[in-house]
Amino acid sequence: MPTKSKSNKKASRLEPPAKDKATASPETTKPAERALSEPEEPAKSASMPAAAKSSDLSSPLPLEQTKKALTALIKHIEKKSEEEAAAAAESSNPSKKRKLNLLSDDPSDPKESEKKSLYLIISATKYFSDKPLMKPRRITVPHPINTPDTTSICLITRDPQRLYKDILLIDENSPVKDSIQRIIGVSKLKSKFKTFEAKRRLRDDHDLFLADDRVVTMMPALLGKSFISVKKMPIPINMLSPAAAAAMETSAKVAQASASKKRNVKISPEDELARERAAVSAKRVNAEITRTLNSAMVFVPAANSTTVKIGFSTFSVDDLAENVAAIVDGMVSKNIVKGGWDGIRSLHLKTKDSISLPIYLTEKLT
């Protein structure tokens, strides 16, 4: 027994502590851990990309990798457009000639006509939601994807639609009379746009759809797959002035209390229209439109992956990269991604018909 204890003590003196062993073999340490544990060696970090300098623990988005991916995608779009233009010029078939994109800012300009949308794919470690949310989340971006001059807006309202047309479009003092191209009431939407073809024409006629937040829950049933499949569901907006909204909420509570006491409280249709006319604020609608145009729309699915539009190929690489950073930071700060940055599995960039280019992959696979 004494012999064994001496040998154990001798072995313990010869064996280095576990902490020293870990530090003595830096080659077994992960690159990210070495970068954090050795900040005093500028010679090594000088050869690293600028992403390592710009990223920190709260926002590890690699800026240089993002710009490289965006540059590659834009070059891919330009090359494909040149190949299609060359093939169309060589072809004698008129149907194969380059088609102008009538939704672009300047269809006569080949660069504008061939502009393509770019998308960010966010994959998370957990589902974004237990069930799909029909109301998209808005994240403000530094470089707006839509502009008032080039965006056709359709607004869906409560009945009667004539009331809202008078307030928002007919009134000369309305700040949104030039911003909104069409207003449709719920009853008109039900009667005039029943068929799939009618819904698809409506969808293609406008770039952006807005809806009174009091009727937005009816939109999935009324508009259907033709809108949901292309993520063109109406975005909810608040059309009431704050004071009027508070007054209507109080009135609704009084009516509910009266109903519980079995009192017959009836409001004439004329009084209800007058109350609604006083409550609707064109100034508030204008503010909601401005906020929507300056935001990227995030549709929250019952899945662990979603796609967000970040801009067009006509944007500069720096502008697109700033939009990507704003969208990712917004999804983290608004808790759309559960767990913050630790909840993001990967980030990819792509166009509609290109492969996905990775810009961020987490090392924590939990």
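All values reported here derive from a predicted model rather than from experimental measurement.

Draft legend 1. Main features of a negative patch on the surface. A contiguous patch of negative charge, built from Glu78, Glu82, Glu83 and Glu84, is present on the exposed surface. We classify Glu84 as partly exposed; its relative accessible area is 43%.

Draft legend 2. Quick peek at helix α15 (residues 282-293). Compared with an ideal rise of 1.5 Å per residue, which puts 12 residues at 16 Å, α15 spans 16 Å between its outermost C-alpha atoms and is within 8% of the ideal. For α15, every residue scored as buried is listed here: Ala282, Val285, Glu288, Ile289, Thr292 and Leu293. Down the axis of α15, the buried side of the element spans an arc of 130°, and every buried residue falls inside it.

Draft legend 3. View of the packing of aromatic side chains. Taken as a whole and judged by the stated rule, the model has 3 aromatic pairs. For the pair Phe209 and Phe227, a centre-to-centre distance of 5.0 Å together with 75° between the ring planes defines the contact as edge-to-face. Remark: Phe227 occurs in helix α12 (residues 225-228) and Phe209 occurs in strand β5 (residues 208-212); sequence separation between them is 18 residues. The exposure classification of Phe209 matches that of Phe227, with both residues buried. Their ring planes at 75° and their centres at 6.0 Å tell us that Phe312 and Phe315 sit as a pair that is edge-to-face. In this pair, the class of Phe312 matches that of Phe315, namely buried.

Draft legend 4. Just the sheet that holds strand β6 (residues 235-237), in detail. The strand order across the open sheet formed by 4 strands is β4-β3-β5-β6, and the pairing between neighbours is parallel. A strand with exactly one partner marks an edge of an open sheet, and here the two such strands are β4 (180-185) and β6. Here the average twist between neighbouring strands, direction ignored, is 30°. In this structure, strand β3 (residues 153-157) lies alongside β4, joined through 5 bridges in parallel fashion. In the sheet register, Ile153 faces β4, and the bridge partner there is Ile180. Contacting β3, β4, β5 and β6, α15 crosses the sheet at an angle of about 145° to β6.

Draft legend 5. Broad picture of the environment of Val216. Its location among the elements puts Val216 in the loop between β5 and α11 (219-223). Look at Val216 and you get buried, because its relative accessible area is 4%. Taking C-alpha positions, Val216 is 8.5 Å from Met134, a pair spaced 82 residues apart along the chain. The residues contacting Val216, other than those within four sequence positions of it, are Lys135, Ala211, Pro234 and Pro236.

Draft legend 6. Up close: the sheet that holds strand β1 (residues 117-124). Taking strand neighbours across the sheet as the criterion, the 4 strands line up as β8-β1-β9-β10 in an open arrangement whose pairing is antiparallel. Edge positions in the open sheet fall to β8 (305-312) and β10 (357-361), since each of these has one partner strand only. Across the sheet, the mean angle separating the axes of adjacent strands is 20° when strand polarity is ignored. Contacting β1, β8, β9 (344-351) and β10, helix α16 (residues 317-333) runs over the sheet at an angle of about 145° to β8.

Draft legend 7. Up close: empty space enclosed by the protein. Considering all chains together, one arrives at 1 cavity of 30 Å³ or more under this definition. Considered as a void within the structure, the largest cavity measures approximately 30 Å³ in volume. For the largest cavity, the full set of lining residues is Ala124, Thr125, Lys126, Tyr127, Phe128, Ile336, Val337, Lys338 and Gly343. Class assignment of the residues belonging to the lining of the largest cavity gives a composition of 5 nonpolar, 2 polar and 2 charged.

Draft legend 8. Quick peek at unusual backbone geometry. Between Asp159 and Pro160 the backbone carries a cis peptide bond, its omega angle lying at -5°. Along the chain, Pro160 falls in the loop between β3 and α8 (161-170). With a phi angle near 55°, Lys231 is a residue other than glycine that sits in the positive phi range. Summarising the element assignment, Lys231 is placed in the loop between α12 and β6. The exposure class assigned to Lys231 is partly exposed, which follows from its relative accessible area of 37%.

Draft legend 9. Spotlight on the side chain of Lys199. Within the secondary structure layout, Lys199 lies in helix α10 (residues 196-205). Buried and unpaired, Lys199 has no salt bridge, with Glu197 as the nearest side chain of opposite charge at 12 Å. Setting aside residues no more than four positions away along its own chain, Lys199 makes contact with Phe193, Lys194, Leu222, Leu223, Ser226 and Phe227.

Draft legend 10. Highlighting the packing of helix α6 (residues 63-90) against α16. Across the interface, α6 lies against α16 with an axial gap of 9 Å and an inter-helix angle of 125°. Classified by the interaxial angle, the pair formed by α6 and α16 is oblique. Considering only the axes of α6 and α16, their crossing is right-handed. Each of Leu63, Thr66, Lys67, Leu70, Thr71 and Ile74 in α6 lies in contact with α16, whose residues at this interface are Val317, Asp318, Leu320, Ala321 and Val324. Here the contact of α6 with α16 is built from residues that sort into 7 nonpolar, 2 polar and 2 charged.

Draft legend 11. Quick peek at the nonpolar core. Counting residues in hydrophobic clusters, the biggest one holds 40 residues, and the most contacted among them are Leu168, Leu189 and Met219. Setting aside chain neighbours within four positions, we find Met219 in contact with Ile156, Leu189, Ala211, Gly224, Met233 and Pro234. If you look at the next biggest cluster of nonpolar residues, it comprises 35 residues, including Leu118, Ile145, Ala321 and Val324.

Parameters at a glance
- Residues numbered from 1 in each chain as written.
- Predicted model: local features only at pLDDT ≥ 70, side-chain atom pairs only at ≥ 80, totals over all residues.
- Heavy atoms only, no water.
- Patch = residues over 30% accessible without salt bridge, like charges linked within 9 Å, V, L, I, M, F, W, Y side chains within 5 Å.
- Areas by Shrake-Rupley, 256 points an atom, 1.4 Å probe, with all protein chains shown as cover.
- Salt bridge = Lys/Arg side-chain N within 4 Å of Asp/Glu carboxyl O.
- Lys, Arg positive; Asp, Glu negative; His and termini not counted.
- Charge placed at Lys NZ, Arg CZ, Asp CG, Glu CD.
- Buried < 20%, exposed > 50% of the residue type's maximum accessible area, 1.4 Å probe, protein only.
- Helix = DSSP H or I, 4+ residues; strand = E, 2+ residues; numbered from the N terminus.
- Expected span 1.5 Å × (residues − 1).
- Arc of directions from axis to C-beta.
- Phe/Tyr/Trp six-rings, centres within 6.5 Å; stacked < 30°, edge-to-face > 60°.
- Pairing = 2+ DSSP bridges.
- Axes fitted to C-alpha atoms, helices over the stretch in contact; angles between N-to-C directions.
- Contact = heavy atoms within 4.5 Å.
- 1 Å grid on protein atoms, 1.4 Å probe; cavity = no way out; pocket = protein on both sides within 12 Å on 5 of 7 lines; lining within 4 Å.
- Points joined across faces, edges and corners; volume = space filled by probe spheres on them.
- Nonpolar A, V, L, I, M, F, W, Y, C, P; charged D, E, K, R; others polar.
- Parallel < 35°, antiparallel > 145°, perpendicular 65-115°, else oblique.
- Left-handed = near helix turned anticlockwise from the far one by under 90°.
- Core = buried A, V, L, I, M, F, W, Y, C linked by side-chain atoms within 4.5 Å.

Read these as layout, nothing more, since geometry by itself doesn't imply function.
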